[in-house]
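Read off the chains here:
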Amino acid sequence: QVQLVESGGGLVQPGGSLRLSCAASGGIFAMYDMGWYRQAPGKQRELVTVITRHGEINYSDSVKGRFTITRDSAKKTVYLQMNSLESEDTAVYYCSAAIPRIGFSSWGQGTQVTVSS
């Protein structure tokens, strides 16, 4: 069973940057598609970006060109670099590890990102 721990959230002004980290332990990191999701108050959790175990990447339209996902297999960590942050990016950000073909997924506890002046 994989455990995920997010870090790097905080308060940032509009236009600023943050880098989130998600450290995985247990399981076999190379097997997982790794994703970042977010949930704003009163809204459903939504996909931000995913990087598959083969390195294929997808972004939601709302973050394309501003956010970058990377994975470091040696450190068993996935990162989310967030630039040009907007107030609409305010949410709790969750990391996920998934093996879609067997319906497996695991979630971290989330990290709060607040974009405000």
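What you see is a predicted model, and the numbers here were worked out from it, not measured in a lab. (Residues numbered from 1 in each chain as written. Predicted model: local features only at pLDDT ≥ 70, side-chain atom pairs only at ≥ 80, totals over all residues. Heavy atoms only, no water.)

Give me the lowdown on the overall build of the protein chain, citing residues and values where you can.
Regarding its fold elements, the protein chain presents zero helices and 11 strands. Put simply, the protein chain runs from its N terminus to its C terminus through helices and strands in the order β-β-β-β-β-β-β-β-β-β-β. The C-alpha atoms of the protein chain give 13 Å as radius of gyration, which agrees with the globular expectation for 117 residues (13 Å, within 12%). Each principal axis of the C-alpha distribution contributes one length, and for the protein chain these read about 40 × 25 × 25 Å. Expressed as a percentage of its 117 residues, the buried residues of the protein chain come to 43%. Sequence separation of at least 24 residues holds for 54% of the intrachain contacts in the protein chain that already meet a minimum separation of 6. Approximately 6,100 Å² of the protein chain is accessible, and the part contributed by carbon and sulfur atoms is 49%. Each charge class in the protein chain can be summarised by its mean position, and for the 11 positive and 9 negative side chains these summaries are 7 Å apart. (Helix = DSSP H or I, 4+ residues; strand = E, 2+ residues; numbered from the N terminus. Rg over C-alpha atoms; globule rule 2.2 N^0.38 Å. Buried < 20%, exposed > 50% of the residue type's maximum accessible area, 1.4 Å probe, protein only. Contact = heavy atoms within 4.5 Å. Areas by Shrake-Rupley, 256 points an atom, 1.4 Å probe, with all protein chains shown as cover. Lys, Arg positive; Asp, Glu negative; His and termini not counted. Charge placed at Lys NZ, Arg CZ, Asp CG, Glu CD.)

Before we move on, could you go through unusual backbone geometry and cite the residues and values that matter?
One non-glycine residue, K76, adopts positive backbone phi at about 50°. With respect to the helices, strands and loops of the structure, K76 is situated in the loop between β7 (67-72) and β8 (77-82). The exposure class assigned to K76 is partly exposed, which follows from its relative accessible area of 35%.

Mind laying out the pattern of salt bridges, listing which residues take part and the relevant values?
Scanning all chains against the criterion turns up five salt bridges. Among the ionic pairs, K64 bridges to D61, the shortest N-O distance being 3.2 Å. Across the pair, exposure class does not vary: K64 and D61 are exposed alike. The network of salt bridges with shared partners includes R38, E46, R66, E86 and D89. (Salt bridge = Lys/Arg side-chain N within 4 Å of Asp/Glu carboxyl O.)

Run through the state of the cysteines, naming residues and quoting values.
Evaluation of the coordinates by the stated rule reveals one disulfide. Residue pairing for C22: its cysteine sulfur links by disulfide to C95, the two sulfurs lying 2.1 Å apart. Between C22 and C95 the sulfur-sulfur dihedral comes to about -80°; the bridge is accordingly left-handed. Of this pair, C22 sits in strand β3 (residues 18-25) while C95 is found in strand β9 (residues 91-99), placing the two residues 73 residues apart along the sequence. (Disulfide = S-S within 2.5 Å.)

I'd like a description of the sheet that holds strand β1 (residues 3-7), backed by residues and values.
A sheet is described by the order of its strands in space; here four strands give the open sequence β1-β3-β8-β7, paired in antiparallel fashion. Of all strands in the sheet, those with a lone pairing partner are β1 and β7, marking the two edges. Each strand of the sheet is rotated relative to its neighbour by a mean of 15°, with strand direction disregarded. Across six bridges, β7 lies against β8 in antiparallel orientation. In the sheet register, I69 faces β8, and the bridge partner there is L80. (Pairing = 2+ DSSP bridges. Axes fitted to C-alpha atoms, helices over the stretch in contact; angles between N-to-C directions.)

So what about the environment of W107? Which residues, and what values?
Among the structural elements, W107 can be located in strand β10 (residues 104-107). As a C-alpha pair, W107 and G9 span 98 residues in sequence and 16 Å in three-dimensional space. Dropping the residues within four chain positions of it, W107 is found in contact with L4, Y37, R45, Y94, C95 and S96.

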